[in-house]
Amino acid sequence: MSDFSSALWAAFSLVIQLDSDLAEIVFLSLKVSLIAVSGAALIGMPLGAALALFRFRGRASMVVLLNALMGLPPVVVGLAVYLVLSRSGPLGVFGLLFTPTAMIIAQLILVTPIIAALTRQVIDDLWREYEEQFRSLGAGPGQRITALLWDGRFSLATAVLAGFGRASAEVGAVMIVGGNIDHVTRVMTTAIALEVSKGDLALALGLGIILITLSLAINGVSYVINEKARENHG
Amino acid sequence: MSDFSSALWAAFSLVIQLDSDLAEIVFLSLKVSLIAVSGAALIGMPLGAALALFRFRGRASMVVLLNALMGLPPVVVGLAVYLVLSRSGPLGVFGLLFTPTAMIIAQLILVTPIIAALTRQVIDDLWREYEEQFRSLGAGPGQRITALLWDGRFSLATAVLAGFGRASAEVGAVMIVGGNIDHVTRVMTTAIALEVSKGDLALALGLGIILITLSLAINGVSYVINEKARENHG
Amino acid sequence: MGKSESILPLEFRQVSFEGGGKRLIKDLSFRLDAGPRTIIIGANGAGKSLFLRLCHKLIVPSSGEIIWHGANGRNPAPAQAMVFQRPVMLRRSVAANVGYALSLRKVPREKRPALIEEALRMTGLNRLAGYSARVLSFGEQQKLALARAWVLRPEVLFLDEPTASLDPAATHEVEELINTIHQAGTRIIMTTHDLGQAHRLADEVLFLHRGRLLEKAAAAAFFTKPENDLARKFIAGDLLWWKRGKDNRNQISEGVMK
Amino acid sequence: MGKSESILPLEFRQVSFEGGGKRLIKDLSFRLDAGPRTIIIGANGAGKSLFLRLCHKLIVPSSGEIIWHGANGRNPAPAQAMVFQRPVMLRRSVAANVGYALSLRKVPREKRPALIEEALRMTGLNRLAGYSARVLSFGEQQKLALARAWVLRPEVLFLDEPTASLDPAATHEVEELINTIHQAGTRIIMTTHDLGQAHRLADEVLFLHRGRLLEKAAAAAFFTKPENDLARKFIAGDLLWWKRGKDNRNQISEGVMK
Amino acid sequence: ASTTSTENSGLFAHILPIFEQKTHIRVRVIAAGTGQAIRLAINGDADVLLVHHRASEEAFVAKGYGVQRHDLMYNDFVVIGPRKDPANIAAMDGAAAALTNIANAETPFVSRGDDSGTHKKELSLWRAAGTDPNKASGAWYQEVGASMGAALNTAAVMNAYTLSDRGTWLAFANRGDLVILSKGDPKLLNPYGVILVSQNKHPHVKTELGQRFIDWLTGPEGQTAIASFTINGEQAFFPSAQ
Ligand SMILES: Nc1ncnc2c1ncn2[C@@H]1O[C@H](COP(=O)(O)OP(=O)(O)OP(=O)(O)O)[C@@H](O)[C@H]1O
Ligand SMILES: Nc1ncnc2c1ncn2[C@@H]1O[C@H](COP(=O)(O)OP(=O)(O)OP(=O)(O)O)[C@@H](O)[C@H]1O
Ligand SMILES: [Mg+2]
Ligand SMILES: [Mg+2]
C-alpha cells in the first residue's frame, strides 16, 4: 500500500508548502461549489416545499421528474451547458464558457434537483403534522412555504449538505464547461483527474485527501452550528 | 439549437434500431447500479438508523464524517479501488480490476454514505417521536432499528433514490476501475464520455437522453409502488 | 378580523364523508344560526372531530353541501379559528406561536406584543412566554392552542375538547373565558366528553352517534328529556357509572343529571 | 412477564431533574410499596408527567437516586408498562400495534392472536382491529395505548391521564378495568385531572406543585383533610369552580368535595 | 492499455475484429492518457502497452517492466486552428515558426497540459521555437489538462489553435471552425510503439497471448489491417514495423 502512504505524504507536503497554486485551486473549488449550492438551495428548497404542500395536476409527475433528475449525468449536463454557452449557442454572446460562472451554472443544474427532492421529502413529513393547523390559521401559500422551511431547518441541513457533497465532488460537468484551464478554471476535482491521467496517482490521491479534509471541515462547522441552534429551539 | 434536435434524433434512432450494443450497455448500466444501490441500502440504512438511535462517544464525529463522505470525489474513490484491486495491490490476486464487480464496489463506496446520511436524517426525526414509547416497550437495539426502518419506509424511498441517482450518473469511478472496455465494462456514462471525447456531441447527448429516460422510468415505478403502499398503511 | 359581515348561518345539506372506504359521517342536515353556544357530544369515534373539521373546511364532504353565509372559498374563512384536540405546536417559542397567528392575519407588528401578552395572561401562560412550545406539558400546550386561536378574535370558534387535559382550576378558567368570548359575540362550537361541562356551557346540543346526527336540541330539553333513545342511554350510561361510584357520590350523580 | 420476583418497592432519594436550565423536579424523596393504587395530582405543568417518566426510567435524574428493588438497569424494566399522555401510534394497524408489543416480549407467535383479541375487546376496539392506528380518533388512540400496555401484564403500570379523552362510558369501563388489573396484582401509578376519578380510584395520593411533592397521604385522609395548604387550595379551587356553576349545580359540587 | 488516440480514432474497432476472428483471442482495450496507460502497465493491470512517447517507452523497458519495444506505426501531429488563421501560420514553414507566430500574435492556444505524448511533443516544439508559453498560462496560453478530445472540444469553442494527432482529428466530429493549418514538418512525426509487459515483474501476465497479438500487429496481416484503416477516405496510420 505504498501508494496510500505516498499519497498521504503528497497531501502533507502540499499543505505545508502552502503552495500558492494549490491555494488558488482550493479557493476556486470552494467558491464555485458554495455559490452553486447557495443558488441551488435558494431555488430548490422553495420548489421542493411547494411540491410537498400543494396538490395540483401533474404534481406526481413533477415529483417523479425531480427524483429522477437527482440522477442527471454530469457529463450530459456539462455538454448541454457547453452547447448553450458556446459561441454558436444561444447564450454564446456572453462569452461565459470556460469561466467559473459556467461551472457554477453546471453545478447549479446538477445540485438543484437533489436539494429540491430531499426538501420535498422532509417538508412532506412535516406538512402531514402541520397541514390542518396551518390551513386553520389561514396561512397563504408563500407563508406556508417559509414557515415550513423555517421549522424544518434542522432536518433540511442534511439536504443541503448532500447537495454540497455532490457539487464539491463533481468533475464531469465542470471539466467540460470549465475546461480545467490552469489558473482560470482548474478546481480540485479536475486537478485530480489530470494527475490521474498523468499517472501520478500519489499526487492525485493526495489532492483527494485534501478535498475530503476540506469537506469534512465544512460539514463539521455546519454540524456544530446546527446542533447549537437545535438546542435552543428544539 | 440544432445540436439538441440532432441529439433527440440520435436518441430516437438508437432506440428504434434496437441496437444490440446499446441494449448490452443499458443492461450492464442497470445491473451495476441496481446491485450497487441494493448493497448500499443494505449497509447504509441500518448504519444510518443506528447513528440516529444510539448515543455513544464519537457519534457526532461519525455523523459529520458520514455527511462529508456524501462528497467523496468519484475519481478518488475510483483511484483507491483501482490501487487495491490492481495486480500489485492487496486484492490483486482476485483479478477483479476491469470487471463489472469492480464497478459495483466503487459505486457501493460512493453511494453507501449518501444512503446512510439521508437515512440518519429521516430516522432521527422519527425517533424523536418514537423514542419514549419504544424504550417503554423494551425494544432492543436491533428491534428498534428494524421497526424504525419499517415505519419510515416511505420517507426512506427518497434516500435510496438519491443513491440510485448518484450511482447511475456516476462516471469518474467506473471509468477508472472498469476501464470502459467495449462489451465488458462499458456502461451508459462511460459511453457518453467516450462520445464526448470523440467530439460526437449529438450522439453523446442522445445517449444521455436515453439514460435520463431510463432513470425516469425507474423513479416512476418506485413512486407508484410507494404511493400505493402508503395509501394502505399511511 | 371578520367584523364586517357575519359568515353565519352555517348550513349542512345531506353531508356525508368517506374515509378509508367507509362512510364516517352520514347524511348530516341542519342549520346553525348566530348566537347560541353549540356543544357536540357523542362517544369516542362518533365523528365529533370529523364534524368540526367539516365545518371548518379542513376536509371536504364526499357528498352534500356545506354552506357558510358569504364565505364559500375552499379554505377556512379568516373569521373562523379552531383549537384542535391534538394541538400542533410550531417549533418556536410560546410567544412566537401566538405571534405567528397574528402575523398571518397581518396584524401590525407594533400591536402584536400587547395582544400576545394578553392572550398568554388569560390562559396563564405568561410565565412560559420564552419557552420552546414543544417542551410544554400537555395541558400547557392545550392552553397555548386556545390562546393562539382566541388572539385572532374569530367570529366562529371551534373547540375540540379544549379542557380534556386541563387541571380543575384551568378548566374553570377556560369555561369562564368561553363565556366571556361568547358574550363578546363569538359563536362557540365545541365538543366535550365532560357532561357536567356540557351542561354548564351548552345552549344547544348536537348528539352524534356513529357518524349520524341523532338529536339537535336546546340544552335544557336535551339534558332533562332527550328525545332519542341512544342519547338517553348515553346520558344514562354516565348516570349509571356515577351511581356505581362508591359511598357518598350517589347523590352527586343524581345532581348532575337531574 | 415479571411473575418471578417483585421489582417493588420503589424508592426516590433526593431526586431532582433539570431541563432547559431549570429545576423541574425538586428533591423528591419517598417510597412506594407494593399494593395500593397511587394517584398523582397537581396543576398543569406541576411535573406529573416528568414524575412518571422518572419512575419509568425514561429520563434520568440530574441528582439523587431512584431505586427499584432488583431492577436497576438503565432501561425500563420489562415488568413495567406505561400509557403516555400523548400516545404514540406506530404506523401499523390497530392489532399490529398490540402485536408489536407482544413480539418485543417474545410472546410465542401462536399465542398472540388470542391476547390481542382480548386486549382489544376489553377496550372496545375489536371492531377497529384492521384499521391503521394513525387514523383513529383521539379517544380510540388512548384506548389502544392502554390495550398495548395492558396486554404485557406488567407488574407496575404507569397511566398518564388515561381517560382524559374518553367518553363517559369508556371512562367508566377503563376505571373498572383498572380496578380489575389492580386486584389481579398490578401496581397502578397514575395521574388524573378528574378529582372525582381520583376519589374513586385512589388508595394513596401524591400531590405535586411546581416540581415539589407537597403531600403524600392515604386517599381518604387527603380528600377530607389535606395537610398541605396548597393541596387544600387545589381541591378548594375545584370546589370554588363548582360553586360558581349555574343554578342547580351548587349541591353537586358540595357533594363531590365533601 | 492503450493511449486514447487509437481508441478515439476508431482504429481498434477496425482491426480487432480481424484479429479476433482469426485467433479467437479477445482483446480488451483500456483507453487512457499515455501517462495513465504506462502506469496501468507498471502495476501489472495490462498485458500489452500501446502508446506514443518514445522516451517513456524506452524507460519502461529499461526498468524491466516491458520485454521489448516494437515499432508499430506512425502518423503525424498537425497544428489545428481557426479557418481565418489570425496568427497567419498556414504560410509559415515548419511547426516551430508557426508556434512563434501564435506567441507573437498572442492568439489563444489550447495545450493538453497533461504530460501526454502529445503534450510532450508540443513542449518540445515550443522549445524549438524559443518561446516559454507558461508565462502566458491562463492568458492566451490555455493549459486544459485534458484528453485530446476534450482539448479539441475546448479549442472548437474558443476558436483557438492547438496541436493534435491526426488520427483523433480525423475522427473528431465537433470541429466548429477549425481546420488543419500546419503539417508535414518532420518534427511532427508521431511514432507508436507496442510493448509486451514483462512476466518477471508480474507473473500473471498473459505472455503468450500478448505476444501473439504483438506478432500479429507487427506482422504482415496486422500491418495491412492498419494501413487499410481510413477515416473519411484518408489513411490515418502508417505501418512501420520492421
Ligand atoms: N382517514 C380516516 N380513515 C379511516 N377512518 C377514519 C379516518 N379518519 C377518522 N376515521 C374514523 O372515523 C371515526 C370518527 O373519528 P373522529 O376523530 O371524528 O371521532 P371523535 O368523535 O372525535 O372521537 P374522540 O371522542 O375519540 O375524539 C373514528 O372511528 C376514526 O377511526
Ligand atoms: N425539556 C424541557 N425543557 C424545559 N422545560 C420542560 C421540559 N420538559 C418539561 N418542561 C416543563 O416542566 C413542567 C412540567 O411538565 P410536565 O409535563 O411534567 O407537567 P404535567 O404535570 O404533566 O402537566 P399536565 O397536567 O399539563 O400534563 C412544564 O412546565 C414544562 O413546560
Ligand atoms: Mg375527537
Ligand atoms: Mg402531563
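Look up: the structure comes first, before these words.
Everything numeric here is computed off the predicted structure, so don't read it as measured data.

**Structural notes on the overall build of chain E**
Here comes step 1: Helices and strands together make up the secondary structure of chain E, namely ten helices and twelve strands.
Here comes step 2: Taking 2.2 N^0.38 as the reference for a compact globule, 242 residues should give roughly 18 Å; the C-alpha atoms of chain E span a radius of gyration of 18 Å, in line with that estimate.
Here comes step 3: Overall, the C-alpha framework of chain E stretches about 55 × 40 × 30 Å when taken along its three principal axes.
Here comes step 4: In chain E, which comprises 242 residues, the proportion classed as buried is 60%.
Here comes step 5: Within the structure as shown, chain E displays about 9,200 Å² of accessible surface, and the carbon and sulfur contribution to it stands at 51%.

**Overview of the overall build of chain A**
Here comes step 1: Helix and strand content of chain A: ten helices and zero strands.
Here comes step 2: Listed by position from the N terminus, the elements making up chain A come as α-α-α-α-α-α-α-α-α-α.
Here comes step 3: For chain A, the C-alpha atoms occupy an extent of roughly 65 × 50 × 30 Å along the three principal directions.
Here comes step 4: Per-residue burial for chain A yields a buried fraction of 62% across its 234 residues.
Here comes step 5: Across chain A, contacts joining residues at least 24 apart in sequence account for 73% of those joining residues at least 6 apart.
Here comes step 6: Surface summary for chain A: the accessible area is close to 8,600 Å², and the carbon and sulfur share equals 69%.

**A look at the coordination of the magnesium ion (ligand 3)**
Here comes step 1: On the protein side, the magnesium ion (ligand 3) has S49 of chain C (OG) and Q85 of chain C (OE1) as donor atoms, found 1.9 to 2.2 Å from it. In this pair, S49 of chain C is assigned in helix α1 (residues 48-55) and Q85 of chain C in the loop between β5 (80-83) and α2 (94-104), connecting sequence segments 36 residues apart.

**Details of the packing of helix α2 (residues 20-53) of chain B against helix α5 (residues 100-137) of chain B**
Here comes step 1: With their axes 5 Å apart at the nearest point, α2 of chain B and α5 of chain B run at an angle of 35° to one another. Viewed along their axes, α2 of chain B and α5 of chain B form a crossing whose handedness is right-handed.

**Looking at the site of ligand 1**
Here comes step 1: Taken together, 21 residues lie around ligand 1, and K48 and S49 of chain C together with S137, G139 and E140 of chain D are the ones closest in.
Here comes step 2: Residue neighbours of ligand 1 fall on chains C and D, so the site bridges chains.
Here comes step 3: G47 of chain C is positioned with one of its backbone polar atoms (N or O) 2.9 Å from an oxygen atom of ligand 1.
Here comes step 4: Contact with the protein chains hides 88% of the accessible area of ligand 1, taken as 640 Å² for the molecule alone.
Here comes step 5: Taken together, the elements giving at least two residues each to the shell around ligand 1 come down to α1 of chain C together with α4 (138-150) of chain D.

**Considerations on the relation of the copies chain B and chain A**
Here comes step 1: Of the transformation superimposing chain B on chain A, the axial component is 0.0 Å and the angular component is 180°, with the fit at an RMSD of 0.1 Å. Taken together, the turn and the small shift mark the pair as related by a two-fold rotation axis.
Here comes step 2: Most of the interface of chain B is mirrored in chain A: 100% of its interface residues are interface residues there too.

**A few points about the sheet that holds strand β9 (residues 212-218) of chain C**
Residue and element names in this part refer to chain C.
Here comes step 1: On the basis of which strands lie adjacent, the open sheet formed by six strands has the order β5-β6-β7-β3-β8-β9 and mixed pairing. The sheet is open, and its two borders are formed by β5 and β9, each paired with just one other strand. Across this sheet, the average inter-strand angle for adjacent strands is 15°, counted without regard to direction.
Here comes step 2: Taken together, the six bridges between strand β8 (residues 204-209) and β9 define a ladder with antiparallel strand orientation. Directly across from F207, in β9, lies its bridge partner E215.
Here comes step 3: Taken strand by strand, helix α5 (residues 168-183) contacts β6 (156-160) and β7 (187-191), and its axis lies near 145° from that of β7.

Cut-offs used in this document
- Residues numbered from 1 in each chain as written.
- Chains lettered and ligands numbered in written order.
- Predicted model: local features only at pLDDT ≥ 70, side-chain atom pairs only at ≥ 80, totals over all residues.
- Heavy atoms only, no water.
- Helix = DSSP H or I, 4+ residues; strand = E, 2+ residues; numbered from the N terminus.
- Rg over C-alpha atoms; globule rule 2.2 N^0.38 Å.
- Buried < 20%, exposed > 50% of the residue type's maximum accessible area, 1.4 Å probe, protein only.
- Areas by Shrake-Rupley, 256 points an atom, 1.4 Å probe, with all protein chains shown as cover.
- Contact = heavy atoms within 4.5 Å.
- Donors = N, O, S within 2.8 Å, 3.2 Å for Na, K, Ca; no water.
- Axes fitted to C-alpha atoms, helices over the stretch in contact; angles between N-to-C directions.
- Left-handed = near helix turned anticlockwise from the far one by under 90°.
- Near = heavy atom within 4 Å.
- Polar contact = N/O pair within 3.5 Å; in protein donor to acceptor, adjacent residues only side chain to side chain.
- Least-squares fit on C-alpha atoms with pLDDT ≥ 70 in both.
- Pairing = 2+ DSSP bridges.

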